[in-house]
Amino acid sequence: MSVTVRFCGAAHTVTGSCCLVRSGKSQFLIDCGLFQGQKTLKELNYGDFPFRPSDIDAVLLTHAHIDHSGLLPKLVRLGFDGKIFATRGTIDLCSWMLPDAGNIQEQEVLALNRRNIARGRGEVSPIYTQADAIAAMQYFQPVAYETWTDIVPGVRARYWNAGHLLGSASIEIEFAGQGADGAALRLLASGDVGPDAKLLQPDPKAPEGFDYVISEATYGDRIREPTTPELRRGRLAGEVRDAAAAKGALLIPAFAVERTQELIVDLVGLMERGEIPAAPVFLDSPLAIHATEVFRAHTESLDGGSDVGRLLSSSHLRFTETVDESKAIAKLTGFHIIIAASGMCDAGRIRHHLKRWLWNNRATVLLVGYQANGTLGRFLQDGVKAVRIQGEEIKVAARIRMMDDYSGHADGTEIARWIAARRPIARGLFLSHGEEAAITALAARVAERIVPTAKVFSPLLDDVYELTTAVPTPLDVARRRRLAPEAVTRLDWHNDMSGLLLDIHERIEQAADDRARGVIIRRLRRALEE
């Protein structure tokens with residue numbers, strides 16, 4: 001009987017995590033995530049799955065983040081009728097996150113269609129609706145950590161705490177009789193692995209001794225400074241004091257789940273101890289507000305327990321759930337803190353706050369999470385002088401600061417150590433969920449020293465491997481690729497166009513006079529006519 005795996009997402013990218021596993025006549029998915037980042041990737045969300053949803057028997061969900069769970073409502077709407085296995089924490093978070101994602105898609109498509117009508121273009125439909133997301137929740141099946149669960153005939157799975165997020169898991173999978181000499185074939189899917197010194201989550205756990213390990217590589221090319229909770233809070237305090245001295249807003253684009261709650265706990269704690277100025281902290285994200293309630297309900301499973309619950313209920317916090325409450329923040333002057341989604345500045349209310357403050361040299365933007373290639377957050381991180389938000393050019397005068405201490409991902413050293421602890425890895429290590437540079441760096445770090453080079457694989461999007469052979473055997477799928485490999489790893493024409501428009505505006509503004517500006521415009525017109 002054949003066992004194959006197809007990398008349907010997160011291959012040389014950090015989003016859209018999804019693996020299709022075939023075992024005999026059965027098929028199941030490991031994650032079913034939404035592609036984020038550049039438009040070429042996001043367009044995959046609107047296209048057909050590279051499989052028939054009605055043929056999928058089950059889904060093993062590692063955690064609730066949208067890049068892992070975000071296409072589940074579409075999967076259900078198009079015919080999936082199996083079980084979605086997830087921990088209780090993941091289910092509770094998904095019950096808010098997936099409907100929120102559906103609502104965002106409906107609102108974005110509504111705005112897009114208004115622009116399309118004005119431009120004489122056809123209307124588009126959302127990937128799925130809020131109602132689709134609510135309907136998908138009935139297919140979730142709770143599983144306990146470290147307990148075997150039968151998935152499909154001949155396949156069972158066991159979830160281990162990955163230390164990344166409330167409810168997150170690495171998933172151990174056994175295929176009966178498919179290994180050497182009739183033993184079980186053993187595979188471990190890492191999900192997203194948490195770093196050392198995580199505030200709310202314990203250290204990741206998983207057993208050892210596998211035929212295959214599929215490991216994330218998000219920060220495979222990054223080594224963080226050693227940190228402790230005290231060092232992390234000290235660095236945050238320094239950033240807050242500098243922002244307060246500038247007497248403008250401190251904008252923190254935060255991932256609504258876990259990063260936001262960690263930031264709140266540290267910010268409130270620092271204010272209570274007088275280490276930073278007391279100031280209102282606006283949590284301007286309906287999803288983050290609801291997620292905070294989920295964290296309060298799960299305080300017994302979090303490191304910090306009752307004290308975390310108390311800090312999440314602080315009077316320093318201001319919840320702005322409605323649009324009118326969010327707009328009212330813009331009337332404030334002086335130092336205040338705004339935590340808003342999305343963490344990569346790609347959608348949500350943070351874009352309105354950036355539009356309001358990004359041009360102002362009194363403002364500070366503190367990036368605290370991973371910024372995917374092609375996102376607004378990544379451009380800010382890379383130091384661009386101007387950006388386009390909702391069609392408008394905005395000069396970047398605000399201080400752009402970065403803190404890696406709140407990342408939910410292990411860095412290169414930590415993930416290599418996690419891989420080493422899974423040995424022996426008999427047949428193959430697959431490195432996925434990372435950009436090309438991160439995967440290349442992690443492969444160099446683990447090759448030979450931890451795993452023989454011949455057993456380290458870096459699959460591309462839609463690559464398929466046979467797993468029952470002595471070594472993983474790639475199958476020919478060139479005709480079935482949804483994107484050419486270079487389209488996944490490079491910035492697309494949408495990003496190039498945005499950059500070109502900004503460069504044109506800057507060159508024209510810098511021209512000496514109207515005559516010089518006219519020369520530039522005539523040259524551009526001639527280039528277009530060639």
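Please read these numbers as outputs of a predicted model, since none were measured by experiment.

Student: So what exactly am I meant to see when it comes to a positive patch on the surface here?
Tutor: Taken together, the side chains of Lys 39, Arg 114, Arg 115, Arg 119 and Arg 121 define a basic patch exposed on the protein surface. The residue Lys 39 is located in helix H1 (residues 39–42) in this model.

Student: Any chance you could explain the nonpolar core here in plain terms?
Tutor: Nonpolar side chains tend to gather and get buried jointly when the protein is soluble and globular. Leu 93, Phe 140, Ile 252, Ile 337 and Ile 339 are the most contacted members of the largest nonpolar core, which has 74 residues in total. For this core, the element with the most residues is helix H7 (residues 259–272), which contributes seven residues. Beyond its immediate sequence surroundings of up to four residues, Ile 337 is in contact with Val 240, Leu 250, Ile 252, Leu 267, Met 271, Pro 280, Val 281 and Phe 282.

Student: Would you mind showing me how to read the sheet that holds strand E22 (residues 464–466) here?
Tutor: Adjacent strands of a sheet pair through backbone hydrogen bonds, lying either parallel or antiparallel. The eight strands are arranged E6-E5-E4-E3-E2-E1-E22-E23 in an open sheet whose pairing can be described as mixed. Unpaired on one side and paired on the other, strand E6 (140–143) and strand E23 (473–475) mark the two borders of the sheet. Neighbour-to-neighbour, the strand axes of the sheet open up by a mean angle of 25°, direction not taken into account.

Student: What should I look at first to understand the pattern of salt bridges in this one?
Tutor: Oppositely charged side chains are able to pair whenever their charged atoms sit close together. As enumerated under the stated definition, the model contains 31 salt bridges in all. The shortest N-O distance in the salt bridge between Asp 196 and Arg 417 comes to 2.7 Å. Placement of the pair is Asp 196 in the loop between strand E10 (185–189) and strand E11 (210–216) and Arg 417 in helix H13 (residues 412–420), with a sequence separation of 221 residues. When its relative accessible area of 36% is taken as the criterion, Asp 196 is described as partly exposed. Given a relative accessible area of 43%, Arg 417 falls into the partly exposed group. For the salt bridge of Arg 378 with Glu 435, the shortest nitrogen-to-oxygen distance reads 3.2 Å. Placement of the pair is Arg 378 in helix H12 (residues 376–381) and Glu 435 in the loop between strand E20 (425–432) and helix H14 (436–446), with a sequence separation of 57 residues. Where salt bridges share partners, they join Arg 156, Arg 158, Glu 172, Glu 174 and Arg 186 into one cluster.

Student: What is the right way to read the packing of H13 against H14 from this model?
Tutor: When two helices pack together, you describe them by how their axes are tilted relative to each other and by the distance separating the axes. At a minimum axis separation of 10 Å, H13 and H14 run at an interaxial angle of 50°. The angle between the axes of H13 and H14 places the two elements in the oblique class. Handedness of the H13/H14 crossing: right-handed. Here Gly 412, Thr 413, Ile 415, Ala 416 and Ile 419 of H13 come into contact with H14, specifically with Leu 442, Arg 445 and Val 446.

Student: Please clarify how the packing of helix H6 (residues 229–246) against H7 should be interpreted in this entry.
Tutor: H7 packs onto H6 with a crossing angle of 70° between their chain directions and a minimal axis gap of 10 Å. Accordingly, the angle class assigned to the pair H6 and H7 is roughly perpendicular. Between H6, through Arg 232, Arg 233, Leu 236, Ala 237 and Val 240, and H7, the contact on the second element is made entirely by Leu 263, Asp 266, Leu 267 and Leu 270. Here the contact of H6 with H7 is composed, by residue class, of six nonpolar, no polar and three charged.

Student: Please explain the packing of aromatic side chains as it appears in this structure.
Tutor: Going through the model one piece at a time under the given rule, you end up with 10 aromatic pairs. Ring centres of Phe 7 and Phe 430 lie 5.3 Å apart, and the angle between their planes is 50°; on these two criteria the pair is classed as tilted. Of this pair, Phe 7 sits in strand E1 (residues 3–9) while Phe 430 sits in strand E20, and the two are 423 residues apart along the sequence. Accessibility assignment for this pair places Phe 7 and Phe 430 in one class, buried. Seen in terms of ring centroids, Tyr 219 and Tyr 370 are 5.5 Å apart; in terms of plane orientation they differ by 50°. Their pairing is tilted. Pair noted here: Tyr 219 is in the loop between E11 and H6 and Tyr 370 is in the loop between strand E16 (364–367) and H12, with a separation of 151 residues, a long-range link. The exposure classification of Tyr 219 matches that of Tyr 370, with both residues buried. Chaining the aromatic ring pairs together yields one cluster made of Phe 7, Tyr 212, Phe 430, Phe 457 and Tyr 465. Over the ring of Phe 210 we find Arg 186, and its NZ or CZ is 4.4 Å from the ring centre. Just above the ring of Trp 357 sits the side chain of Arg 356; from NZ or CZ to the centre is 4.5 Å.

Cut-offs applied
- Residues numbered from 1 in each chain as written.
- Predicted model: local features only at pLDDT ≥ 70, side-chain atom pairs only at ≥ 80, totals over all residues.
- Heavy atoms only, no water.
- Patch = residues over 30% accessible without salt bridge, like charges linked within 9 Å, V, L, I, M, F, W, Y side chains within 5 Å.
- Areas by Shrake-Rupley, 256 points an atom, 1.4 Å probe, with all protein chains shown as cover.
- Salt bridge = Lys/Arg side-chain N within 4 Å of Asp/Glu carboxyl O.
- Lys, Arg positive; Asp, Glu negative; His and termini not counted.
- Charge placed at Lys NZ, Arg CZ, Asp CG, Glu CD.
- Helix = DSSP H or I, 4+ residues; strand = E, 2+ residues; numbered from the N terminus.
- Core = buried A, V, L, I, M, F, W, Y, C linked by side-chain atoms within 4.5 Å.
- Buried < 20%, exposed > 50% of the residue type's maximum accessible area, 1.4 Å probe, protein only.
- Contact = heavy atoms within 4.5 Å.
- Pairing = 2+ DSSP bridges.
- Axes fitted to C-alpha atoms, helices over the stretch in contact; angles between N-to-C directions.
- Parallel < 35°, antiparallel > 145°, perpendicular 65-115°, else oblique.
- Left-handed = near helix turned anticlockwise from the far one by under 90°.
- Nonpolar A, V, L, I, M, F, W, Y, C, P; charged D, E, K, R; others polar.
- Phe/Tyr/Trp six-rings, centres within 6.5 Å; stacked < 30°, edge-to-face > 60°.
- Lys NZ or Arg CZ within 6 Å of the ring centre and 35° of its normal.

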